[in-house]
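# Architecture and fold: a report
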Amino acid sequence: MKEQIVKILTTLRPEFDFTQEGIDFIEEGMIDSFDMVSLVSDLDNTFGISIDGMDILPENFSSIDAIEKLLQKNGVK
Amino acid sequence: MDFQFKHKKISGILTILPHKSVTFEDEMANFNFSPAKSMKLKIAMGYKEHRLAEIGQTSVDFCIYGLQYLFDSGLLSKEDIDAILFVSQSPDYFMPASSNIIQGHFGIKQDCLCMDINQGCAGFEVGLIQSFMLLEQPSINKVILLNADVLSPKVSPKDRNSRPLTGDAAAITIVEKCEEENTIYANIKMDGTGALVLNIPAGGFRLPSSPETAIMEEDAAGNFRSKDNLVMQGDEVFNFVQREVPPMIEHLYKQSGVNREDVDWYMFHQPNKFMLNKLADKLGVPREKMPANIVENFGNASGVTVPTCISYNLGEQLCNQEMLLCMAGFGVGLTWSSIMMKVGNLKFNKIIEF
């Protein structure tokens, strides 16, 4: 799952390295609110889910682990 | 706050759209985004094209054009109008009310209640609820509900939050008494603590427009706008909608005793396609039952999106049969409102261009 998340993020913002450890994607300006919209659409389509609108919060997109947890919460195994 | 009405109906809807269409690609260079990112956003949000009024055209002009069309076509008689409700955020003047201007333009009888309501995204629902209330009076048999907004002159061309989704339009809805019981269920909530989440800072009495308020400034996200321009805190609006709208609709099901699958169409306000799809998924409603094609093709004209959605997607069909509609509006105020009612056998339900 992690690899797929990195692939989606890299396609969205190719100028950043999303494999770096300990980086907060939001604080570092790697993902903004508009990226979150595109990211949610891509994650929904890739994993065949619909991420709950209430979960579209910056803290759920701040790292690969956070995104992975979000996907698991929304039914991705 | 819940409402229930009987012996009231919608008997016609006319949507008036500007003839000028601008595509997302036409304006893309104005936004502080890479073309690739813009195109991804275009797909997710449903930014295809939007209709914009010509310079100098106002909301009142659109209403007058539409009413003239109805009079000329024999679809509405001036003598039958007992009340004119003008629901808008873009009146011609601070004073007088635009509804009075429209009444005067057509020489409509003096026994006519004219009322302006300052409402935006929930303006259709607020206008309908007010119309139903007026129709409780013995002296009022027919209300002309005018939803109109020409807000594009107030939206910065370099504001990627608001510009791509802004549309101008008007809709005329005829609301009247009927013999059939036709029970209508409605509810509304408001939260003024969020009033400035969507606002135009300057131009009123609190901060009059001046050369200083016209200065363009860049925000943290790279948008350029002045205090004379509309500002929308997109994240706040999104969170508000996702938090408040699903429970409101669940409440409407209970209030009306209607099951979600019995609703023929969910005609919701359309801020963007992404937000609507999320709402449909959350409510467990098939996306095809909640059209998101108005903001995509015409833009978001505040309280006009719901009647436009009905005219565009149901058109003539709604003149020949009756359907159960769940309508909802949410936004500026903050205001959120929904209505469950049967609509059908309309005298007209169409779109014209101005």
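What you see as residue numbers is a count from 1 along each chain, following the sequence as written. Following the order in which they are written, the chains are lettered starting with A and the ligands numbered starting with 1. Reporting in this predicted model follows two pLDDT cut-offs: at least 70 for local features of residues, and 80 or more for side-chain atom pairs to be given and counted; totals over whole chains, interfaces and linings ignore these cut-offs and use all residues. Calculated side-chain values reflect all of the structure's heavy atoms, with hydrogen atoms and water omitted.

In this description a helix means any DSSP run of H or I spanning at least four residues, a strand means any run of E spanning at least two, and both kinds are numbered starting from the N terminus. Secondary structure summary: chain A contains three helices and zero strands in total. Counted from the first residue to the last, chain A has its helices and strands arranged as α-α-α. Its C-alpha atoms give chain A principal-axis dimensions of about 30 × 25 × 20 Å. Any residue under 20% of the maximum accessible area for its type is buried, any over 50% is exposed, and the rest in between are partly exposed; the area is computed with a 1.4 Å probe on protein chains only. Sorting the 77 residues of chain A into buried and exposed places 48% on the buried side. Whether two residues touch is decided by their heavy atoms; if any such pair falls within 4.5 Å, the residues are in contact. In chain A, the share of contacts with a sequence separation of at least 24, taken over all contacts with a separation of at least 6, comes to 49%. Each accessible area is a Shrake-Rupley result for a 1.4 Å probe, and residues are judged covered by the shown protein chains and nothing else. For chain A, the computed accessible surface area is about 4,000 Å², with 48% contributed by carbon and sulfur atoms. We score Asp and Glu as negative and Lys and Arg as positive, and we do not count His or the chain ends. Taken as the charge location is NZ of Lys, CZ of Arg, CG of Asp or CD of Glu. One finds the centroid of the 6 positive side-chain charges in chain A at a distance of 8 Å from the centroid of its 16 negative side-chain charges.

What follows concerns helix H2 (residues 35-45) of chain B. Considered for burial, the residues of H2(B) that qualify are B:Lys37, B:Ser38, B:Leu41, B:Lys42, B:Ala44 and B:Met45. Along its buried surface, H2(B) packs onto helix H2 (33-47) of chain A together with helix H1 (24-27) and helix H7 (273-283) of chain B. Of the residues one or two after H2(B), B:Gly46 is the one with positive phi, at around 80°.

The partner chain B presents 18 residues to the 19 residues of chain A that form the contact. Accessible-area loss on putting two parts together, using a 1.4 Å probe and summing over both, is the definition of buried area adopted here. Across the interface of chain A and chain B, roughly 1,500 Å² is buried in total on both sides, 61% from carbon and sulfur atoms. Looking at the side of chain A facing chain B, the largest losses of area belong to A:Phe34, A:Val37 and A:Met54, adding up to 37% of the total buried there. Should a side-chain nitrogen of Lys or Arg be within 4 Å of a carboxyl oxygen of Asp or Glu, the pair is scored as a salt bridge. Our count for the chain A to chain B interface comes out at two salt bridges. A salt bridge links B:Lys282 to A:Asp52; the nearest nitrogen and oxygen atoms lie 2.6 Å apart. The definition of a polar contact used here is a pair of N or O atoms within 3.5 Å, where within protein one atom must be able to donate a hydrogen and the other to accept one, and adjacent residues in sequence count solely through side-chain atom pairs. Taken together, the connections running from chain A to chain B amount to five residue pairs in polar contact (both at pLDDT 80 or more).

Here the focus is the packing of aromatic side chains. The criterion for an aromatic pair is that two Phe, Tyr or Trp rings (for Trp, the six-membered ring) have centres within 6.5 Å, with stacked assigned to planes under 30 degrees apart, edge-to-face to planes over 60 apart and tilted to the rest. For the structure shown, the criterion picks out 15 aromatic pairs over all chains. The interplanar angle of 10° and the centroid separation of 6.1 Å between the aromatic rings of B:Phe3 and B:Phe5 together place this pair among those described as stacked. Like B:Phe5, B:Phe3 is buried. Centre to centre, the rings of B:Phe94 and B:Phe205 are 5.3 Å apart; their planes meet at 40°, and the pair counts as tilted. With B:Phe94 in the loop between strand E5 (83-88) and helix H4 (98-106) and B:Phe205 in the loop between strand E10 (198-199) and strand E11 (217-218), this residue pair connects regions lying 111 residues apart in the sequence. Classification of B:Phe94 by relative accessible area gives exposed; the value is 65%. One aromatic cluster in this structure is built from A:Phe16, A:Phe18 and A:Phe25. Any Lys NZ or Arg CZ that is within 6 Å of a ring centre and within 35 degrees of that ring's normal is treated as a charge sitting over the ring. Sitting over the face of the ring of B:Phe224, B:Lys158 holds its NZ or CZ atom 5.8 Å from the ring centroid.

To continue, consider the pairing of strand E8 (residues 169-177) of chain B. Residues and elements named next belong to chain B. Most of E8 is tucked away: eight of the nine residues are buried. Each pair of strands is called paired provided DSSP finds at least two bridges between the two strands. The pairing of strand E2 (residues 8-17) with E8 spans eight bridges and is classified as antiparallel. By the bridge assignment, Gly12 is partnered in E8 with Ile174. The sheet contact formed by strand E7 (residues 142-149) and E8 spans eight bridges and is antiparallel. What sits directly across from Leu145, in E8, is Thr173.

Glancing now at the sheet that holds strand E17 (residues 348-353) of chain B. Residues and elements named next belong to chain B. Spatially, six strands are ordered E6-E5-E7-E8-E2-E17 in an open sheet, and the strand pairing comes out mixed. Both edges of this open sheet fall to strand E6 (113-118) and E17, since each of them pairs with a single strand only. Neighbour to neighbour, the strand axes of the sheet diverge by 15° on average, direction disregarded. As paired elements, E2 and E17 share six bridges and run parallel to each other. Bridge pairing in E17 links Ile16 to Ile352. Fitted lines through C-alpha atoms serve as axes, helices being fitted only where they are in contact, and the angles separating the N-to-C directions of these axes extend from 0 to 180 degrees. Along the sheet, helix H3 (residues 59-72) contacts E2, E5, E7, E8 and E17; its crossing angle with E2, the most-contacted strand, is approximately 115°.

Here the focus is a nonpolar patch on the surface. Taken together, the side chains of B:Phe94, B:Met95 and B:Phe205 define a hydrophobic patch exposed on the protein surface, amounting to about 490 Å² of accessible area. Positionally, B:Met95 belongs in the loop between E5 and H4. Without a salt bridge and with relative accessible area above 30%, a residue can belong to a patch; like charges are then joined within 9 Å and nonpolar side chains (Val, Leu, Ile, Met, Phe, Trp, Tyr) within 5 Å.

All names here are of chain B. Here five strands make up an open sheet; going across it, the order is E1-E9-E16-E15-E14 and the pairing mixed. Of all the strands in the sheet, the pair left with one neighbour each is strand E1 (2-5) and strand E14 (265-268). Sheet twist, expressed as the average angle between the axes of neighbouring strands with direction ignored, equals 20°. Here ten bridges tie strand E15 (residues 322-331) to strand E16 (residues 335-344), and the two strands are oriented antiparallel to one another. Bridged to Gly331 within E16 is Thr335. Packed on one face of the sheet, helix H6 (residues 234-256) meets E1, strand E9 (184-190), E14, E15 and E16 and runs near 40° to E16.

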